[in-house]
Amino acid sequence: RVITRTARIASLIATMSSSAAAAFAAPSGRVAAITGANKGVGFFIALHLATSGLFSSVLLGCRDSSRGQQAVADIQVQGKGKIAPTIEIKYLPLTVGDAASHDQFRKTVEEQYGKLDCLVNNAGFAFKGADPTPFAQQCKPTVDINFRGTVDLTETLLPLLRKGTDARIVNVASMSGHLSQLRSAGLRNQFTSQTLTMDRLREMVDEFETDVLAGKHSEKGWGNSNYGLSKMALIAATKVMAREEAVNGIKVNCCCPGYCDTDMTSHKGPRPPKEGALNAVLPATMENCPSGEFFSNMKVSEW
């Protein structure tokens, strides 16, 4: 298994390097945006996309200006010799979960580029295991960023993505979003329904929050993880968007980068973030891309 995974990673990197070489001769004119791109998995997603040869502009959406600018400089250093001089790598301010910030980000991208070809929703939030904040109080901040904020940003940018060429949306989820966390078969059926709408999905997340605040989430059949529910809802949202945007030619997928060595895991994860990032890069760049799928370990996986 180790050999197979290593070979797959080597093949992906080789393909990216080949594409990057082609970019020196023919910049694509395509624009990619990555949220939470100043460190960890998001940084390496941006680095991989910058060296892929498939984008002329790679936009790093970050909350912190100094960290965003530093990430741009680091990508230019680490991508030296692999990134064409004509490829733009740029920081743009963005706070996921802040509607005004979403609108300003859309306005800037529209004014400067007129479209968006790839959106990777990497920004996320999780309380540390040792955090003393009560479980009920952890619920809203977690779902506000990982689900509500991510969906709102995506919907805000959809008009620009519909103008894109071979447009892609990749939502960075997690194996923590597995369906088995739900005790209720009825809830599992609702989350996986082919007729699920975004409005109904929002209602279900609201119901979870209400039940958590009332201390009744377990008896109502929910799981016992705010983070897990937020990522499960994001996976469900991916599938809803994939169905709704098929008519517009937008491919929408999600992924789990794995348990990576990042700040979010307190650097306990064994997987290098550069490797984990490939799970998002694959659906963002592959030919004949499917839609509505969950990628893990560099392949389509079961939810």
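These numbers come from a predicted model, not from an experiment. (Residues numbered from 1 in each chain as written. Predicted model: local features only at pLDDT ≥ 70, side-chain atom pairs only at ≥ 80, totals over all residues. Heavy atoms only, no water.)

Focus: the overall build of the protein
When helices and strands are tallied, the protein shows ten helices and eight strands. Relative to its 303 residues, the protein shows a buried fraction of 50%. Look at the contacts in the protein between residues 6 or more apart in sequence, and 75% of them connect residues 24 or more apart. Carbon and sulfur atoms form 52% of the exposed surface of the protein, whose accessible area is close to 13300 Å². (Helix = DSSP H or I, 4+ residues; strand = E, 2+ residues; numbered from the N terminus. Buried < 20%, exposed > 50% of the residue type's maximum accessible area, 1.4 Å probe, protein only. Contact = heavy atoms within 4.5 Å. Areas by Shrake-Rupley, 256 points an atom, 1.4 Å probe, with all protein chains shown as cover.)

With respect to the pattern of salt bridges
If you walk through the whole model with that rule in mind, you get 13 salt bridges. Notably, a salt bridge pairs Arg 162 with Glu 245, separated by 2.7 Å at the nearest N-O pair. Taken together, the residues Arg 162 in the loop between helix H5 (135-161) and strand S5 (168-172) and Glu 245 in helix H8 (residues 226-245) connect sequence positions 83 residues apart. A salt bridge links Lys 220 to Asp 211; the nearest nitrogen and oxygen atoms lie 3.3 Å apart. The class of Asp 211 is buried, set by a relative accessible area of 11%. Residues participating in the shared-partner salt-bridge network are Lys 140, Asp 144, Arg 148, Asp 206 and Glu 209. (Salt bridge = Lys/Arg side-chain N within 4 Å of Asp/Glu carboxyl O.)

Topic: the packing of aromatic side chains
Counted under the stated rule, the structure contains four aromatic pairs. Ring geometry for Phe 43 against Phe 44: centres 5.1 Å apart, planes inclined by 85 degrees, an arrangement best described as edge-to-face. Here Phe 43 and Phe 44 have matching classes, each one buried. Here Phe 208 and Trp 222 contribute two aromatic rings whose centre-to-centre distance is 5.3 Å and whose plane-to-plane angle is 70 degrees, an arrangement assigned as edge-to-face. Highlighted residues: Phe 208 in helix H7 (residues 198-213) and Trp 222 in the loop between H7 and H8, separated in sequence by 14 residues. As far as the burial class goes, Phe 208 and Trp 222 line up, both buried. Among the aromatic residues, those joined into a ring-pair cluster are Phe 191, Phe 208 and Trp 222. (Phe/Tyr/Trp six-rings, centres within 6.5 Å; stacked < 30°, edge-to-face > 60°.)

Thoughts on the pairing of strand S6 (residues 251-256)
Among the six residues that make up S6, five are buried, leaving the element largely enclosed by the rest of the structure. Note: S6 against strand S7 (residues 294-296), three bridges, orientation parallel. When the sheet's bridge partners are listed, Cys 254 is paired in S7 with Phe 294. (Pairing = 2+ DSSP bridges.)

Looking at the nonpolar core
In this structure, Leu 116, Phe 191 and Leu 201 are the most contacted members of the largest nonpolar core, which totals 52 residues. Of all the secondary-structure elements, those providing two or more residues to this core are strand S1 (31-35), helix H4 (99-113), H5, helix H6 (185-192), H7, H8 and S6. If you tally residues by element for this core, the top one is H8, at ten residues. Phe 191 has contacts with Leu 179, Leu 182, Leu 196, Leu 201, Met 204, Trp 222, Leu 229, Met 232, Ala 233, Ala 236 and Trp 303, leaving out every residue within four places of it along the chain. Counting 34 residues, the second largest nonpolar core, distinct from the first, contains Ile 45, Ile 87, Leu 282 and Phe 295. (Core = buried A, V, L, I, M, F, W, Y, C linked by side-chain atoms within 4.5 Å.)

Structural notes on the confidence of the model for the protein
In this model, the protein carries a mean pLDDT of 90, and residues with pLDDT of at least 70 account for 87%. Throughout residues 16-27 the model reports pLDDT below 50, and contacts reaching past four residues in sequence, or to other chains, amount to 21 contacts. (pLDDT = per-residue confidence, 0-100.)

Description of the packing of helix H2 (residues 40-51) against helix H3 (residues 65-78)
Packing of H2 against H3 brings their axes to within 10 Å, and their N-to-C directions diverge by 45 degrees. Between H2 and H3, the interaxial angle falls into the category oblique. As H2 runs across H3, the sense of the crossing is right-handed. Contacts between H2 and H3 involve Phe 43, Phe 44, Ala 46, Leu 47 and Ala 50 from the first element and Ala 71, Asp 74, Ile 75 and Gln 78 from the second. Tallied by class, residues from the contact of H2 with H3 come to seven nonpolar, one polar and one charged. (Axes fitted to C-alpha atoms, helices over the stretch in contact; angles between N-to-C directions. Parallel < 35°, antiparallel > 145°, perpendicular 65-115°, else oblique. Left-handed = near helix turned anticlockwise from the far one by under 90°. Nonpolar A, V, L, I, M, F, W, Y, C, P; charged D, E, K, R; others polar.)

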